[in-house]
Structures are given as structure tokens and as C-alpha cells.
Amino acid sequence: MSNDLPHRRNSLRYPDHDYSSAGAVFVTICLHDRQELFGHIRKDDSCLSQYGEFALQRWEQIPDRFNGVGLDEFIIMPDHMYGILWFGTSTEYDPPDCSDVVKWFKVVV
């Protein structure tokens, strides 16, 4: 049986919110097919693989790469990661938005 229905994704954005304003954004980034390439869990601790360590290094480079973006809490799991990004931490004229940062992170990792 074929599923010819178009894929519909509901927006999680608030319709009247100004997303270009300063504030924090919680992001979740999942690996393709949820492959456990970033490491494994041992005794409730996340043990990073070389790929996980690489992702960690790139995540920590975000404030250097994007002026006006700061890091808060984050965790790298075997098949995904969570993080909080702060936008508007400087008075830069044309600050990046969340999609710019996430795209860069995905490309370099």
C-alpha cells in the first residue's frame, strides 16, 4: 500500500513572536536514522566516541564562529544532542539566527 499523502509538518512557532529578538533557543539535533555514532551509555554516563568528541569540539566553537551567540547547558548522547543557544549576546548589527548556527554545525560535523 503506497502512502501518496503529502508530508505535513505543523509549525511549532508562535505566530506573533519576534524570533529575531534576543533570547534562548533549545535545540535537538538527531543523527541520520538515529545511528549511535556519538558514543554509548555506560552506568548512566555518556561515553563519547571520536565522533562525539569531534561534535563536542565543534559545538564549543559556536561562540567563536557566530558573534552574538552564546552556549548554555548541552549534552551529547549516542544518537542525538540537546543544547541551549543564547542569541543577542552582543550588539552585532546582523546577528545570525538559529537555523544558520544549526546548519553550520551539521555541515562541519
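Description of the structure in this document. (Residues numbered from 1 in each chain as written. Predicted model: local features only at pLDDT ≥ 70, side-chain atom pairs only at ≥ 80, totals over all residues. Heavy atoms only, no water.)

## Here's the deal with the overall build of the protein
Regarding its fold elements, the protein presents three helices and five strands. Seen in sequence order, the protein has helices and strands lined up from the N terminus as β-β-β-α-α-β-β-α. Per-residue burial over the protein gives 26% buried out of 109 residues. Once local pairs closer than 6 in sequence are excluded, the contacts in the protein between residues at least 24 apart make up 57%. If you sum the accessible surface of the protein, you get close to 8,400 Å²; carbon and sulfur atoms cover 51% of it. (Helix = DSSP H or I, 4+ residues; strand = E, 2+ residues; numbered from the N terminus. Buried < 20%, exposed > 50% of the residue type's maximum accessible area, 1.4 Å probe, protein only. Contact = heavy atoms within 4.5 Å. Areas by Shrake-Rupley, 256 points an atom, 1.4 Å probe, with all protein chains shown as cover.)

## Side note on the pairing of strand β4 (residues 69-76)
In this structure, β4 lies alongside strand β5 (residues 80-87), joined through six bridges in antiparallel fashion. Counted as the bridge partner of Ile-76 is Met-81 from β5. Connecting β4 to the next strand, β5, in antiparallel fashion are three residues. (Pairing = 2+ DSSP bridges.)

## Describing the side chain of His-80
Within the secondary structure, His-80 sits in strand β5. Side-chain polar atoms of His-80 contact the side chain of Asp-79, separated by 2.6 Å. Those residues in contact with His-80, other than ones at most four positions away along the chain, are Ile-29, Cys-30, Arg-34 and Phe-38. (Polar contact = N/O pair within 3.5 Å; in protein donor to acceptor, adjacent residues only side chain to side chain.)

## Let's talk about helix α3 (residues 98-108)
Those residues of α3 lying buried are Val-101, Val-102, Trp-104 and Phe-105. Buried residues of α3, viewed axially, fall in a sector of 160°; they line one side. Projecting away from the buried face of α3 at angles above 90 degrees are the exposed residues Lys-103, Lys-106 and Val-107. (Arc of directions from axis to C-beta.)

## Structural notes on the pairing of strand β3 (residues 45-48)
As defined by bridge partners, strand β2 (residues 39-42) adjoins β3 across four bridges and the pair is classed as antiparallel. Counted as the bridge partner of His-40 is Cys-47 from β3. Counted between consecutive antiparallel strands, the loop separating β2 from β3 contains two residues, among which Lys-43 sits at a positive phi close to 50°.

## Focus on the sheet that holds β4
The sheet built from three strands is open, its strands ordered β1-β5-β4 with antiparallel pairing. Only two strands of the sheet have a single neighbouring strand rather than two, namely β1 (23-30) and β4. Taken pair by pair, the neighbouring strands of this sheet meet at an average axis angle of 20°, ignoring direction. (Axes fitted to C-alpha atoms, helices over the stretch in contact; angles between N-to-C directions.)

## Some details on the side chain of Asp-79
With respect to the secondary-structure elements, Asp-79 resides in the loop between β4 and β5. Among the polar contacts listed, one links the side chain of Asp-79 to the side chain of Arg-34, at a separation of 3.1 Å. Each residue touching Asp-79, except ones within four places of it in the same chain, is listed here: Cys-30, Leu-31, Arg-34, Gln-35 and Glu-36.

## Concerning the packing of helix α1 (residues 50-60) against α3
Contact geometry of α1 with α3 gives a least axis separation of 10 Å together with a crossing angle of 145°. The two elements α1 and α3 meet at a crossing, and its hand is right-handed. Here α1 contributes Phe-54, Ala-55, Arg-58 and Trp-59 to the contact with α3, which in turn contributes Trp-104, Phe-105 and Val-108. Residue composition of the contact of α1 with α3, by class: six nonpolar, no polar and one charged. (Left-handed = near helix turned anticlockwise from the far one by under 90°. Nonpolar A, V, L, I, M, F, W, Y, C, P; charged D, E, K, R; others polar.)

Such coordinate-based values are descriptive only and should not be taken to indicate function.
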